[in-house]
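Residues per chain are reported as follows:
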Amino acid sequence: MSATVAVPAARFQQADGLLPLYVEMLALIERLHRLLLDVIKDEFERIGQIDVNAVQALLLFNIGEHEVTAGELKSRGYYQGSNVSYNLKKLVDAGYMHHKRCDVDRRSVRVSLTQKGREVSRVVERLFQRHHEEIGSRSLMSPAEIARLNAELKQLEQFWVDQIRFIY
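Residues numbered from 1 in each chain as written. Predicted model: local features only at pLDDT ≥ 70, side-chain atom pairs only at ≥ 80, totals over all residues. Heavy atoms only, no water.

1. Here we look at the overall build of the protein chain
Scanning the protein chain from N- to C-terminus turns up six helices and three strands. Along the protein chain, helices (α) and strands (β) appear in the sequence α-α-β-α-α-β-β-α-α when read from the amino end. Counting across all 168 residues of the protein chain, residues that qualify as buried make up 26%. Considering only contacts within the protein chain whose residues lie at least 6 apart along the sequence, 51% involve residues at least 24 apart. (Helix = DSSP H or I, 4+ residues; strand = E, 2+ residues; numbered from the N terminus. Buried < 20%, exposed > 50% of the residue type's maximum accessible area, 1.4 Å probe, protein only. Contact = heavy atoms within 4.5 Å.)

Put into structure tokens, the structure is as follows:
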């Protein structure tokens, strides 16, 4: 017996204009994030590197050449608290990251990528570069369209940040 999974926006089809579109957008954002992680996972499986997962690879990419604390990653909005702490520990233990106590605040640990971590970051960078080239060659989106989409997503991000700051 197969169950039909309702698309969340379908529950709001009778609602006025914005609500079904908003709920559909939320579902798309959620799906896109999961798909990005699947694309990254597939890339690492393709090259035979299965000791790092997609979330960890994206974390290494986002850190890049910087030295950061877990708190900085959380405050930038990249990661949830327990998620980032768990993954940083795993990455340090696996030799992808260096960690050292901060001189100013001994409770804080600063992390940076090892050579092994930079190699993972470069795999993700090359993957994104290939995507960039393919999007351009297929004329899927112009730079102006991507810039407009980015601006609109930043507006949504700020709306959600305001909801967290001012409602709770």
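2. Regarding the environment of S137
Among the secondary structure elements, S137 is positioned in helix α5 (residues 115-138). Among the polar contacts made by the side chain of S137, one reaches the main-chain carbonyl oxygen of E134 at a distance of 3.1 Å. (Polar contact = N/O pair within 3.5 Å; in protein donor to acceptor, adjacent residues only side chain to side chain.)

3. Examining α5
Look at α5: 35 Å from first C-alpha to last across 24 residues, which is about the 34 Å you get at 1.5 Å a residue. Within α5, the full set of buried residues consists of G117, V120, S121, V123, V124 and L127. Buried residues belonging to α5 abut α1 (18-46), α2 (54-63) and β3 (109-113). Downstream of α5 by a residue or two, S139 has a phi angle that is positive, lying close to 55 degrees. (Expected span 1.5 Å × (residues − 1).)

4. Some points on the pattern of salt bridges
By the definition in use, this model includes 11 salt bridges. For the salt bridge of D42 with K41, the shortest nitrogen-to-oxygen distance reads 3.5 Å. Take D42: its relative accessible area is 41%, and that puts it in the partly exposed class. The class of K41 is partly exposed, set by a relative accessible area of 36%. E152 serves as the salt-bridge partner of R148, at 3.7 Å between the closest nitrogen and oxygen. Taken together, the positions of R148 and E152, both in helix α6 (residues 143-167) and four residues apart, correspond to about one turn of that helix. You can call R148 exposed: its relative accessible area is 51%. (Salt bridge = Lys/Arg side-chain N within 4 Å of Asp/Glu carboxyl O.)

5. Details of the sheet that holds β3
The sheet built from three strands is open, its strands ordered β1-β3-β2 with antiparallel pairing. Each of the sheet's edge strands pairs with one partner strand only, and the pair in question is β1 (68-69) and β2 (97-101). Relative to β3, β1 runs antiparallel, the two sharing two bridges. Within the sheet, the bridge partner assigned to T69 lies in β3 and is R110. Of the strands in this sheet, β1, β2 and β3 are in contact with α2, which crosses β3 at around 95 degrees. (Pairing = 2+ DSSP bridges. Axes fitted to C-alpha atoms, helices over the stretch in contact; angles between N-to-C directions.)

6. Here's the deal with the nonpolar core
Residues F44, L60, I63, L88 and M97 are the most contacted members of the largest nonpolar core, which totals 25 residues. Elements with a contribution of two residues or more to this core: α1, α2, α3 (70-75), α4 (81-93), β3 and α5. Residues in contact with I63, not counting those within four places in the same chain, are V68, L73, L88, M97, V111 and L113. (Core = buried A, V, L, I, M, F, W, Y, C linked by side-chain atoms within 4.5 Å.)

7. A few points about a nonpolar patch on the surface
On the surface, a cluster of nonpolar side chains totalling about 390 Å² of accessible area is made up of L140, M141, I146, L149 and L153. Tracing the chain through its elements places L149 in helix α6. (Patch = residues over 30% accessible without salt bridge, like charges linked within 9 Å, V, L, I, M, F, W, Y side chains within 5 Å. Areas by Shrake-Rupley, 256 points an atom, 1.4 Å probe, with all protein chains shown as cover.)

8. Let's talk about the pairing of β3
β3 sits mainly inside the fold: four of its five residues count as buried. With five bridges connecting them, β2 and β3 associate as antiparallel partners. Bridge pairing in β3 places K100 opposite R110.

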